[in-house]
Amino acid sequence: MNRPAPTPRKPRASSQARIEAILAAARELLAGQGVAGLSIYSVAERAQIPPSSVYHFFASVPALLEALTADVHRAFREALSAPIDSAAFSTWHGLSRLIEQRMLDIYNGDAAARQLILAQHGLSEVVQADRQHDLELGELMQRLFDQHFQLPSLPADVDVFALAMELSDRVYARSMQLFEQITPRMAEEGMRVFEAYLSLYLPPFLPLRSQGHTYTDTAC
C-alpha cells in the first residue's frame, strides 16, 4: 500500500524563536546600514547568539536575505488579501490605485523592504527570489481584479499584472536612488506607470461584477 508523502515538520518552538530573532536582527541591520552592513557575524552580535547558531539556520547572507524577501512579500500578499469594499471605487483605475497605495504603505513603513526590493545591491539570489514572488503576487492581483470586474482575455505568454508591479517598482527604486525615500511625486509617477501598463490590456471601462460587497481573497 502506498504511504502518503511525509509532511514537512515545523521547527520546534525554540528553533522558531531563534529564527525570528535572527531575522529581526537582520532586518534592523538592513534598515540601518543596508546590505553592505549585513554579515553573519553582525547579525549574530545583534541577536546576541553565537554565529554558529546563525549558520545553522542560514548558510550565507544571501540565504538570510532570501528569507527576509519572502517575509516582505508575505506582507504584500496580506495586503492583497485584505478585505476591499467595492463601494470605494467604480472603475478598475480606482481599484488599481487602492492596491498600489497598499503596496506603497508597506514600503514607506518598512525600511528593510525598501533596501531589499528597491535598493541597488546587485545580489542575484535576492533579485531572482523577488521576481518569483512577483509572479505569485501578479496571479493574486489578477484574481482580485477578476473578482470585481469582468476582465478581457489576457495574453498567456506575458504576466501582465506582475510586469505592471515590476515597472512601478522601478520608479520607486529610482526615487530611492535619488532621494533615499519614495517621495510623494515619485509615488504618483509609480501609480501612473502601473495604470498605464495595465491600460495596454484593459479597456478604459470594465463591467463591474457586483456592488455593495466586501471581498477577501482566502486563497493564500
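Everything numeric here is computed off the predicted structure, so don't read it as measured data.

## A short note on the packing of helix α5 (residues 92-109) against helix α8 (residues 160-179)
Working step 1: Viewed as axis vectors pointing N to C, α5 and α8 meet at an angle of 45°, and their least axial separation amounts to 12 Å. One element, α5, and the other, α8, form an angle in the oblique class. The chirality of how α5 crosses α8 is right-handed. Of the residues in α8, those in contact with E100, M103, L104 and Y107 of α5 are M165, S168, D169 and Y172.
Working step 2: When its residues are assigned to classes, the contact of α5 with α8 shows five nonpolar, one polar and two charged.

## Some thoughts on the packing of α8 against helix α9 (residues 184-198)
Working step 1: One way to put it is that α8 packs onto α9 with a least axis distance of 8 Å and a crossing angle of 160°. Classified by the angle their axes make, α8 and α9 are roughly antiparallel. The element α8 and its partner α9 pack so that their crossing is right-handed. Judged by residue contacts, V160, F161, L163, A164, M165, L167, S168, V171, Y172, R174, S175 and F179 of α8 engage M186, A187, E189, G190, M191, V193, F194, Y197 and L198 from α9.
Working step 2: When the residues that make up the contact of α8 with α9 are grouped by side-chain class, the tally is 16 nonpolar, three polar and two charged.

## Considerations on the nonpolar core
Working step 1: Judged by nonpolar contacts, the single largest core of 62 residues is most densely connected at V43, L65, M141, F145 and L198.
Working step 2: Contributions of two or more residues to this core are made by α1 (13-33), α2 (40-47), α4 (61-81), α5, α6 (111-118), α7 (124-148), α8 and α9.
Working step 3: Element by element, the count of residues in this core is highest for α4, at eight residues.
Working step 4: Aside from chain neighbours lying at most four places away, what touches M141 is L80, I99, M103, F161, M165 and F194.

## Digging into the layout of surface pockets
Over the atoms rolls a probe the size of a water molecule, and in doing so it shows where empty space is left.
Working step 1: Volume-wise, the largest pocket comes out at about 290 Å³.
Working step 2: Lining the largest pocket are 15 residues, and of these I117, V127, D130, R131 and R170 sit closest to its centre.
Working step 3: At the level of elements, α6, α7 and α8 are the ones that each hand at least two residues to the lining of the largest pocket.
Working step 4: For the lining of the largest pocket, a count of residues per class yields six nonpolar, three polar and six charged.

## A look at the confidence of the model for the protein chain
Working step 1: Taken residue by residue, the protein chain gives an average pLDDT of 87. The fraction at 70 or more is 89%.
Working step 2: Per-element confidence in the protein chain ranges from a low mean pLDDT of 44 for strand β2 (residues 214-215) to a high of 97 for α9.
Working step 3: Between residues 212-220, whose pLDDT stays under 50, and residues either more than four places distant or in other chains, the model counts 26 contacts.

## Overview of empty space enclosed by the protein
Working step 1: One pass over the full model with this rule turns up one cavity of 30 Å³ or more.
Working step 2: The computed volume of the largest cavity comes to approximately 80 Å³.
Working step 3: What lines the largest cavity is simply H73, F76, E100, M103, Y107, D134, L137, M165, S168 and D169.
Working step 4: Taken together, the elements giving at least two residues each to the lining of the largest cavity come down to α4, α5, α7 and α8.
Working step 5: Classifying every residue of the lining of the largest cavity gives five nonpolar, two polar and three charged.

Here is what the cut-offs are and how they apply
Residues numbered from 1 in each chain as written. Predicted model: local features only at pLDDT ≥ 70, side-chain atom pairs only at ≥ 80, totals over all residues. Heavy atoms only, no water. Axes fitted to C-alpha atoms, helices over the stretch in contact; angles between N-to-C directions. Helix = DSSP H or I, 4+ residues; strand = E, 2+ residues; numbered from the N terminus. Parallel < 35°, antiparallel > 145°, perpendicular 65-115°, else oblique. Left-handed = near helix turned anticlockwise from the far one by under 90°. Contact = heavy atoms within 4.5 Å. Nonpolar A, V, L, I, M, F, W, Y, C, P; charged D, E, K, R; others polar. Core = buried A, V, L, I, M, F, W, Y, C linked by side-chain atoms within 4.5 Å. Buried < 20%, exposed > 50% of the residue type's maximum accessible area, 1.4 Å probe, protein only. 1 Å grid on protein atoms, 1.4 Å probe; cavity = no way out; pocket = protein on both sides within 12 Å on 5 of 7 lines; lining within 4 Å. Points joined across faces, edges and corners; volume = space filled by probe spheres on them. pLDDT = per-residue confidence, 0-100.

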